[in-house]
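Structural description and commentary
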Amino acid sequence: MRVSLEHYQPNGHALPAAQVFAISGLCQQPRFRLQPALAAGQMPELDFALLYLGAAEADLYPAAPPEASIAAEGDDPYFLLRRGFEGGAVMVTARLEWQGGFIVLANDDEAAENLYQQLLAESQPEEVRREWTSDLATLTLFRDLLRAC
């Protein structure tokens, strides 16, 4: 199933969809490694990867509004990944925490499952939940991950 992203614009401010497909859980052995299959994305203008090591926040983007930051002060290290497919019609994001907690968000359940298999399946995930949700906090997280630099 796929939900349209008709209101999504790169670096836009509108929520991207009315629903988002979420895969969440906990990895026993989290790997902060970008597999070769994910390293080269289909859409370089939308693809993004970030490894945040918990360093003090630097003012690299002084023009960015404070609410645009997806890292709160004192955050533990994490890995972010965003991939665009099919001309931007499908967007998949993932956040993997240092402690192993993860969430994959997408407007397409098949694309989310593919990213989960490539990025997280070898990390011994457990307590995995898969669901379509319209929860405002989850939609906001999806929007923020789409807007990441």
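Scroll up a little and you will see the structure.
In what follows, the accompanying structure is described.

How each quantity is defined
Residues numbered from 1 in each chain as written. Predicted model: local features only at pLDDT ≥ 70, side-chain atom pairs only at ≥ 80, totals over all residues. Heavy atoms only, no water. Buried < 20%, exposed > 50% of the residue type's maximum accessible area, 1.4 Å probe, protein only. Helix = DSSP H or I, 4+ residues; strand = E, 2+ residues; numbered from the N terminus. Arc of directions from axis to C-beta. Polar contact = N/O pair within 3.5 Å; in protein donor to acceptor, adjacent residues only side chain to side chain. Pairing = 2+ DSSP bridges. Axes fitted to C-alpha atoms, helices over the stretch in contact; angles between N-to-C directions. Contact = heavy atoms within 4.5 Å.

The next thing to look at is helix H2 (residues 109-119). Every buried residue of H2 is listed here: Ala111, Ala112, Leu115, Tyr116 and Leu119. Along the axis of H2, the buried residues cluster in a sector spanning 140 degrees; they form a single face. In this structure aspartate 108 caps H2, since a side-chain oxygen of it lies 3.0 Å from the backbone nitrogen of glutamate 110.

Right, let's get into the sheet that holds strand S2 (residues 48-52). What the 6 strands build is an open sheet, ordered S2-S3-S4-S5-S1-S6; its pairing is antiparallel. Strand pairing shows two members of the sheet lacking a second neighbour, S2 and strand S6 (125-133), which therefore form its edges. Along the sheet, successive strands turn relative to each other by an average axial angle of 10 degrees, direction set aside. Strands in contact with H2 are strand S1 (20-27), strand S3 (78-85), strand S4 (90-97), strand S5 (101-106) and S6; relative to S4, the strand with the most contacts, it is inclined by about 35 degrees. Running at roughly 80 degrees to S5, helix H3 (residues 136-147) makes contact with S1, S3, S4, S5 and S6 of the sheet.

Another aspect to go through is unusual backbone geometry. Here glutamate 86, not a glycine, exhibits a phi torsion of approximately 50 degrees, which is positive. Assignment of secondary structure puts glutamate 86 in the loop between S3 and S4. The phi torsion at glutamine 124 lies on the positive side, around 55 degrees, for a residue other than glycine. Of the residues examined, glutamine 124 reaches a relative accessible area of 43% and is grouped as partly exposed.

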